[in-house]
Structures are given as structure tokens and as C-alpha cells.
Amino acid sequence: MLICRSVSECRKAVADMRHQGKRVGMVPTMGFLHHGHMSLIALAQSHSDAVIVSIFVNPTQFGEAADLEAYPRDEDRDLAMLRAAGVSVVFIPDTDTMYPSGDETIVETTRLANMLHGQIRPGHFRGVSTVVARLFNIVQPDIAVFGEKDYQQLQVIKRMVADLHIPVHVIGAPTVREHDGLAMSSRNVRLSSDDRAAASILSRSLNIAEAAFPDVTVGEIHQIISKTIASEPRAALRGLDIVAAETLETLEGPVSGPTAIMISVAFGDILLIDQRVIAP
Ligand code: PAF
């Protein structure tokens, strides 16, 4: 497994793979890998001949400096997991490489980035699209895999790729869950044991909402989720959006087409997200 830290090393590694006629898959990550990431890598491997994983904790997508500081990191462990998974190349740039001194270019999906979770975390999706555009320019993969758990992020990236004519096929990967249904996330390790036990309320509320389909209105889904989350005293519902699955436009009245339910729930200062796409 090749480890690249500079743009030129990374470009050379990709050029070598292409020279061997390989289709290149990419999985961008912020490290501290878990089973969820490994499932993205497995999916990328099934769509390509060689996979490159990037590890970069992107400062521009964090609102609070404290959140960025607190983000867990363990490069040695990540590298061992990537080696065991048969990843070909790991790209680990530093901040000066991704944001060279004097840089001033941002990439923003103006509508998608500033709605829903984008209103709770202003600037977050602009940071994501800016760094992913830069990573795509450096690596130029044929395909790239992102988790469906970060559903709005996936739609932002698909929109950006379409709008900027970036020649990469973006694939969404199903969410990997713990035994009790909690979506895997690097944030889960920061939960206290009581909050960790309570956090299965996110997926349970989505299960209950899904069971009510197809004869249900948007207002009723709202009530089901709010009531279920409120039944768990440790959880505070921070965001609940019931939207058209592709455009993320807010829905009203009886549910008809593919619908995405997106929730964000706080346990103390830790915000967890989950989502479900339901095609009635
Ligand atoms: O989902 C993530 O881990 C990050 O948002 C991403 C896509 C790697 C961009 O920094």
C-alpha cells in the first residue's frame, strides 16, 4: 500500500494505476475509520480495480475550532485497517497542501448547502464541497463512494459533480449500523455509556415512521418522530426534515414519491444524524 502526502506523489500513483489499465475508485474520509468506512471501501473495490482512500480532517467544514480539535485521529490504526482491506493508495495531505497559502476559491451548491442541516451548521456543506472538489481534481478517480448516512452531503456532492462536469461517478453506500440500529459514526465513541444506550432512539424512530407508510401524511411523520424522540429524556431533537429524496424540497400533505426523512438529535453537545429514504 502506497502512502502519499503530496499532490505530486498522489498524481504519480494514480497515473501508474491508469498506465496499468486500472479503473480507479476513491473513498474520501476524515480518518478514525470504522466498519462504516470499510463498507464504503468494499463497495468502491467492487466498482473499480484499485482504490485510493484520502484521510484529511477538513477544517473548513467545522464551525467551532473546538469541534475540529476534538475530532478523533489515529493514523497508525487507520493505515493498518486500510492495509488489511487491500487498499492500493492512501492520500494523507496536510492543511497547507489542501489549502495553499493565499487560496481563495470555494465551491458551493448555493441552494442545497444552505437548507436543512446547512442551517444548523452554516458553512459546513460549502467546506465539504470545496474540499471534495479539490480532492477530485487531485485524484481524478473514475468512481467515488460516499455514505448515504450523510444524505444531504451525498446530494450536495452529486449536484456539484453534475454542475461542474467533473468526470466521476458518485455512488451512495447504505448505512452500516451497530447491533441496536445506531448508525456507525466516528462521533459515537464520544457518547457516555448512558447516551450510547439511548442513541438507538434515532433508528427506532425512523423504523416506526417507515412502518406507517404508505398511508401517512408529512404532518403525521413529523408527529411520530417528534413523539418517539421526546420519549427518550437524554435525547433532544435538533432537526427533522421530510423532503423529496433527490431535490431535498420540503414536502407537505400525503406522501407520494420517494421521501427522505432526515433527523439530527443531540446528546449533550454531541449531534448525531440518521436518515431513511422511503419509496411508497
Ligand atoms: O464524510 C466525510 O467524512 C467528509 O465530509 C468528507 C466527505 C471526507 C469531506 O471532508
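For the structure itself, consult the block above.
Below, the structure is looked at part by part. Since the structure is predicted, the reported quantities are computational estimates derived from the model, not experimental observations.

Rules behind the numbers
- Sequence order sets the numbering: in each chain, residues are counted from 1 along the sequence as written.
- Per-residue local features of the predicted model are confined to residues with pLDDT of at least 70, and side-chain atom pairs are confined, for both listing and counting, to 80 or more; whole-chain, interface and lining totals are unaffected and use all residues.
- Based on all heavy atoms of the structure, the side-chain values leave hydrogens and waters out of the count.
- Aromatic pairing here means that ring centres of Phe, Tyr or Trp (its six-membered ring) are within 6.5 Å. Orientation follows from the plane angle: under 30 degrees is stacked, over 60 is edge-to-face, and everything else is tilted.
- Put simply, DSSP marks the helices as runs of H or I at least four residues long and the strands as runs of E at least two long, and each gets a number from the N terminus on.
- Each residue's exposure class comes from its accessible area (1.4 Å probe, protein chains only) as a fraction of the maximum for that residue type: buried when under 20%, exposed when over 50%, partly exposed otherwise.
- By disulfide we mean two sulfur atoms from cysteines, separated by a distance within 2.5 Å.
- Proximity criterion: a residue is near a molecule or strand once any of its heavy atoms comes within 4 Å of it.
- Polar contact is the term for a pair of N or O atoms within 3.5 Å; when the atoms are in protein, one must be able to donate a hydrogen and the other to accept it, and sequence-neighboring residues count only if both atoms are side-chain atoms.
- Residue-level accessible areas treat just the shown protein chains as cover; the underlying method is Shrake-Rupley with a 1.4 Å probe.
- Ten residues, namely Ala, Val, Leu, Ile, Met, Phe, Trp, Tyr, Cys and Pro, are considered nonpolar, four, namely Asp, Glu, Lys and Arg, are considered charged, and the remaining ones, Gly among them, are considered polar.
- Pairing between two strands is assigned when DSSP locates at least 2 bridges connecting them.
- Fitted lines through C-alpha atoms serve as axes, helices being fitted only where they are in contact, and the angles separating the N-to-C directions of these axes extend from 0 to 180 degrees.
- By definition, residues are in contact when any of their heavy atoms lie within 4.5 Å.

1. Structural notes on the packing of aromatic side chains
Taken as a whole, this structure holds 3 aromatic pairs when the rule is applied. Aromatic pair Phe62 and Tyr71: ring centres 5.6 Å apart, planes at 75°, arrangement edge-to-face. Between Phe136 and Phe146, the ring centres sit 6.2 Å apart and the planes meet at 70°, which makes this aromatic pair edge-to-face. Of the two residues, Phe136 is situated in helix H7 (residues 124–139) and Phe146 in strand S5 (residues 143–147); the sequence distance between them amounts to 10 residues. Since its relative accessible area comes to 2%, Phe136 is described here as buried.

2. Observations regarding the state of the cysteines
Chemically, a disulfide is nothing more than a covalent bond linking the sulfur atoms of two cysteines. The full count for this structure, using the stated rule, is 0 disulfides. Cys4 takes part in no disulfide bond, and the closest cysteine sulfur, belonging to Cys10, lies 5.3 Å away. A relative accessible area of 1% means that Cys4 is categorised as buried. The class for Cys10 is buried, based on a relative accessible area of 0%.

3. Here's the deal with the site of the ligand
Neighbouring the ligand are the residues Pro28, Thr29, Met30, Asn58, Gln61, Val128, Val131, Phe146 and Gln153. In this structure, Gln61 approaches the ligand through a side-chain N or O atom, which is 2.6 Å from an oxygen atom. For the ligand, an oxygen atom lies 2.7 Å from a polar atom in the side chain of Gln153. Contact with the protein chains covers 89% of the free accessible surface of the ligand, which is 290 Å². Those elements that provide at least two residues to the shell around the ligand are strand S2 (24–29) and H7. Taken together, the residues of the shell around the ligand break down into 5 nonpolar, 4 polar and no charged.

4. Things to note about the sheet that holds strand S8 (residues 259–267)
An order of S7-S8-S9 is seen for the 3 strands of this open sheet, with the pairing classed as antiparallel. Because the sheet does not close on itself, it has two edges, and the strands there are strand S7 (236–244) and strand S9 (270–278). Taking the axes of each pair of neighbouring strands and ignoring which way they run, one obtains an average angle of 15° across the sheet. Two strands pair when backbone bridges link them, and S8 and S9 are joined in this way by 9 bridges, in the antiparallel orientation. Residue pairing in the sheet places Ala260 in a bridge with Val277 of S9. Packing of helix H10 (residues 201–211) onto the sheet brings it into contact with S8 and S9, and relative to S9 it is tilted by some 25°.

5. What to know about the sheet that holds strand S4 (residues 89–91)
Two orientations exist for strands paired in a sheet by backbone hydrogen bonds: parallel and antiparallel. Pairing is parallel in the open sheet, where 6 strands are placed in the order S1-S4-S3-S2-S5-S6. Of all the strands in the sheet, just strand S1 (2–4) and strand S6 (169–173) have a single pairing partner and so form its edges. Mean inter-strand twist for the sheet, computed between neighbouring axes without regard to direction, equals 25°. Two elements, S2 and S5, share 2 bridges in a ladder whose sense is parallel. Across the sheet, the residue bridging to Met26 is Ala144, located in S5. Strands S5 and S6 of the sheet are contacted by helix H8 (residues 151–163), whose axis makes an angle of about 170° with S6.

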